[in-house]
Amino acid sequence: MKTKKLFGFEKAFFVSFIATAIPVIIQVLMLSSRNLSDVLMVGTLGQTEVAAVGIVSKAMMISIVLLVGLSSGCGVLAAQYWGANDLSGVKGVLGLSFGMAFALVVLPVLLFFTANPAVIMGLATSDSHLANIASKFLGVISLSVIFLAIVNVFGVGLRAIGQASTAMYFSIGGVALNVLLNYLLIFGKSGFPQLGIMGAAYATLISSVAEALLLTAMIYFTKHPLAFVPNDFIRYISKDRLVQFVRISVLATVNGFIWSTGIFLYHVIYGKIGTEALAVMSMMATVDSFSAAFEQGCATATAVLLGHTLGQQRFNAVIDQAKGMLIISLLLSLALGSLLLLFYRPIIGLYGAIDNSLIDTAFQVYMIMALTFWLKTINAVGISGVLRSGGDLQAGLVIDFTGQWLIGIPLALVGAFVLKWSLPQIFILVIMEDLVKACMTLYRIRQGKWVRNLVTVETREQTYSAM
């Protein structure tokens, strides 16, 4: 009997996609909600404080995206190892991911952001008062990268073995604690000191510590399959696995670093335009983070499930699955973009202490974001989902670099400093990055060079190119 299909793939797989995507989307939303809580509560303190939170979040995003890059490299292999029923491979890449995360991300962040926050913030804005506030905020909040690394790597491992909901529950708890501490420490409620913007920094740090400790305790006290020890790492890892992990993880990390640095440069451009422009983009960063949660949730579910299929060497099936996930993600992004357009007034109205003069500019930028949301979804699912599932990270790197550094950033610089255009006009130029990337991504997917099994020795180089 012919198997029923929906959007190009089997209905059973569609159910698996939704079951994996929803917990991941919720988890990413929870992570984004940390910044949302900071911005909304700090927004009652004034425009400068909102701008400080926004510019620090962009600086911290570099470290977070680096962690995501490393863990994504881990996730590519872990998903295929799980599909091939190789738990030793899952533990091996998990251990390597921890080591590289601390060596390549945590230590540099502590050295540059924690030890020298004033230097970093001085580069991001010419407003000395804003830079002073932001540097103090960065000095505290950057310590949370230690615990974010732990949560991130274990979260990837859980998703790779089909336990995305477990990671989601811990994220919900961490965000709930962060929101509570924000309320207590920013405003000095229930006997706690009134720390203002610094209360948000301490709230983020404390909630990150709690989430990491509780997740680690669960993994080891319950003797979870991911509870590896040094001897497990030494016994399971091999030269081939090390080479494979380093190749994929380094490409993912370089890609993440280049992309996040470009996003930070965009924010620097907005900061040089003026504090008002920076405040608007800080407001919109919250909306952008919400949209990115959906995009990355779908992309992660795509990478995990396609990775399972590739690990099983079902090369024909994975083509239909990829097409179907792109279609359903596109349709869902159009629906979400419509909802953003529908509820624009209450969303923008959340920022109570923002000057009325900024509302018109914020509205225009918001509308551009909502109308082009589908473009970002195509890029996220295509690059971080489809291409990455088969280890085609080099193509993703080329696409991101071309769209951002050869198209978006040059256009933004010209618009801001040569043409002297308004912020909404400059933002339209920035969107040209996504248009170029979408065209390149779809072309690469159609080539079929990403369809590769990476973990089974005898078929490691096998590809499927008939799209």
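Keep in mind it's a predicted model, so treat the numbers as computed, not measured.

### Concerning the overall build of the protein
- Assigned secondary structure in the protein consists of 17 helices and 2 strands.
- Relative to a compact globule of 467 residues, whose C-alpha radius of gyration would be 23 Å, the protein shows 22 Å and is just as compact.
- Dimensions of the protein along its principal axes, counting C-alpha atoms only, are 60 × 45 × 35 Å.
- Counting every position in the protein, which comprises 467 residues, the buried fraction comes to 58%.
- For the protein, long-range pairs separated by at least 24 residues make up 81% of all intrachain contacts whose partners lie at least 6 apart in sequence.

### Section: the side chain of Gln 404
- Relative to the elements of secondary structure, Gln 404 occurs in helix 16 (residues 393-418).
- Every residue in contact with Gln 404, bar those within four places of it in the chain, is listed here: Ile 258, Trp 259, Gly 262, Ile 263, Tyr 266, Ile 409, Pro 410 and Glu 433.

### Details of empty space enclosed by the protein
- Going through the model one piece at a time under the given rule, you end up with 2 cavities of 30 Å³ or more.
- There is about 70 Å³ of room inside the second largest cavity.
- Taken together, Val 287, Asp 288, Ser 291, Leu 340, Tyr 366, Met 369, Ala 370, Phe 373 and Lys 376 form the lining of the second largest cavity.
- Mapped by element, the contributors of at least two residues to the lining of the second largest cavity are helix 11 (275-311), helix 14 (359-371) and helix 15 (373-389).

### A word on the nonpolar core
- Judged by nonpolar contacts, the single largest core of 111 residues is most densely connected at Val 56 and Tyr 270.
- Here this core gets 19 residues from one element, more than from any other, and that element is helix 2 (residues 47-83).
- Excluding residues that lie within four positions of it along the chain, Val 56 makes contacts with Met 121, Ala 134, Phe 137, Leu 138 and Ile 141.
- With 28 residues, the next largest nonpolar core counts Ile 25, Leu 336, Val 381 and Leu 387 among its residues.

### Observations concerning the layout of surface pockets
- Put simply, the largest pocket is a space of about 360 Å³.
- Of all elements in the fold, only helix 2, helix 3 (87-114), helix 4 (117-124) and helix 10 (239-273) reach the threshold of two or more residues within the lining of the largest pocket.
- With 6 residues, the top contributor of residues to the lining of the largest pocket is helix 3.
- By residue class, the composition of the lining of the largest pocket is 14 nonpolar, 2 polar and no charged.

### As for the packing of aromatic side chains
- Tallied over the entire structure, the rule returns 4 aromatic pairs.
- Seen in terms of ring centroids, Phe 98 and Phe 154 are 5.0 Å apart; in terms of plane orientation they differ by 70°. Their pairing is edge-to-face. Residue Phe 98 is found in helix 3, and its partner Phe 154 is found in helix 6 (residues 145-160); the two are separated by 56 residues along the sequence. An identical accessibility class is assigned to Phe 98 and Phe 154; each is buried.
- Where Phe 294 meets Phe 373, the ring centres are 5.7 Å apart and the plane angle is 55°; that geometry is what we call tilted. With Phe 294 in helix 11 and Phe 373 in helix 15, this residue pair connects regions lying 79 residues apart in the sequence.
- Classification of Phe 294 by relative accessible area gives buried; the value is 10%.
- Through a chain of ring-to-ring contacts, three or more aromatic side chains come together here, namely Phe 98, Phe 154 and Tyr 220.

### What about the packing of helix 10 against helix 17 (residues 423-447)?
- At a minimum axis distance of 11 Å, the contact between helix 10 and helix 17 shows a crossing angle of 165°. Taken as axis vectors, helix 10 and helix 17 run roughly antiparallel relative to one another. Between helix 10 and helix 17 the crossing geometry is right-handed. On helix 17, the residues touching Trp 259, Tyr 266, Tyr 270 and Ile 273 of helix 10 are Leu 423, Ile 426, Phe 427, Val 430, Glu 433 and Lys 437.
- Its residues assigned to classes, the contact of helix 10 with helix 17 shows 8 nonpolar, no polar and 2 charged.

### Remarks on unusual backbone geometry
- Positioned with a positive phi, Lys 223 is a non-glycine residue whose angle comes to about 55°.
- The residue Lys 223 is located in the loop between helix 8 (197-221) and helix 9 (230-236) in this model.
- According to the relative accessible area criterion, Lys 223 is exposed, its value standing at 75%.
- For Gln 313, which is not a glycine, the phi torsion comes out positive at approximately 65°.
- Its place among the elements puts Gln 313 in the loop between helix 11 and helix 12 (315-342).
- Since its relative accessible area comes to 32%, Gln 313 is described here as partly exposed.

### Section: the environment of Ala 303
- In this structure, Ala 303 sits in helix 11.
- In this structure the C-alpha to C-alpha distance between Ala 303 and Leu 213, which are 90 residues apart in sequence, comes to 27 Å.
- Ignoring sequence-local partners within four residues, the contact set of Ala 303 consists of Ala 79, Ser 384, Gly 385 and Ser 389.

### Focus: helix 2
- In this model, helix 2 (37 residues) spans 50 Å end to end at C-alpha, consistent with the 54 Å of a helix rising 1.5 Å per residue.
- Of all bends in helix 2, the biggest is about 30°, found at Met 61.
- With 32 of 37 residues buried, helix 2 is to be regarded as a mostly interior element.
- One or two residues past the end of helix 2 sits Asn 85, with phi positive at roughly 60°.

### Brief notes about the packing of helix 2 against helix 3
- Taken N-terminus to C-terminus, the directions of helix 2 and helix 3 make an angle of 170°; their axes are 9 Å apart at the nearest point. The orientation of helix 2 relative to helix 3 falls into the category roughly antiparallel. Of helix 3, the residues touching helix 2 (which contributes Ala 59, Met 60, Ser 63, Leu 66, Leu 67, Leu 70, Ser 71, Cys 74, Leu 77, Ala 78, Tyr 81 and Trp 82) are Leu 87, Gly 89, Val 90, Val 93, Leu 94, Ser 97, Met 100, Ala 101, Leu 104, Val 105, Val 109 and Phe 113.
- The class makeup of the residues in the contact of helix 2 with helix 3 is 20 nonpolar, 4 polar and no charged.

Rules used in this analysis
Residues numbered from 1 in each chain as written. Predicted model: local features only at pLDDT ≥ 70, side-chain atom pairs only at ≥ 80, totals over all residues. Heavy atoms only, no water. Helix = DSSP H or I, 4+ residues; strand = E, 2+ residues; numbered from the N terminus. Rg over C-alpha atoms; globule rule 2.2 N^0.38 Å. Buried < 20%, exposed > 50% of the residue type's maximum accessible area, 1.4 Å probe, protein only. Contact = heavy atoms within 4.5 Å. 1 Å grid on protein atoms, 1.4 Å probe; cavity = no way out; pocket = protein on both sides within 12 Å on 5 of 7 lines; lining within 4 Å. Points joined across faces, edges and corners; volume = space filled by probe spheres on them. Core = buried A, V, L, I, M, F, W, Y, C linked by side-chain atoms within 4.5 Å. Nonpolar A, V, L, I, M, F, W, Y, C, P; charged D, E, K, R; others polar. Phe/Tyr/Trp six-rings, centres within 6.5 Å; stacked < 30°, edge-to-face > 60°. Axes fitted to C-alpha atoms, helices over the stretch in contact; angles between N-to-C directions. Parallel < 35°, antiparallel > 145°, perpendicular 65-115°, else oblique. Left-handed = near helix turned anticlockwise from the far one by under 90°. Expected span 1.5 Å × (residues − 1). Bend = angle between axes of the 7 residues up to and from the residue.

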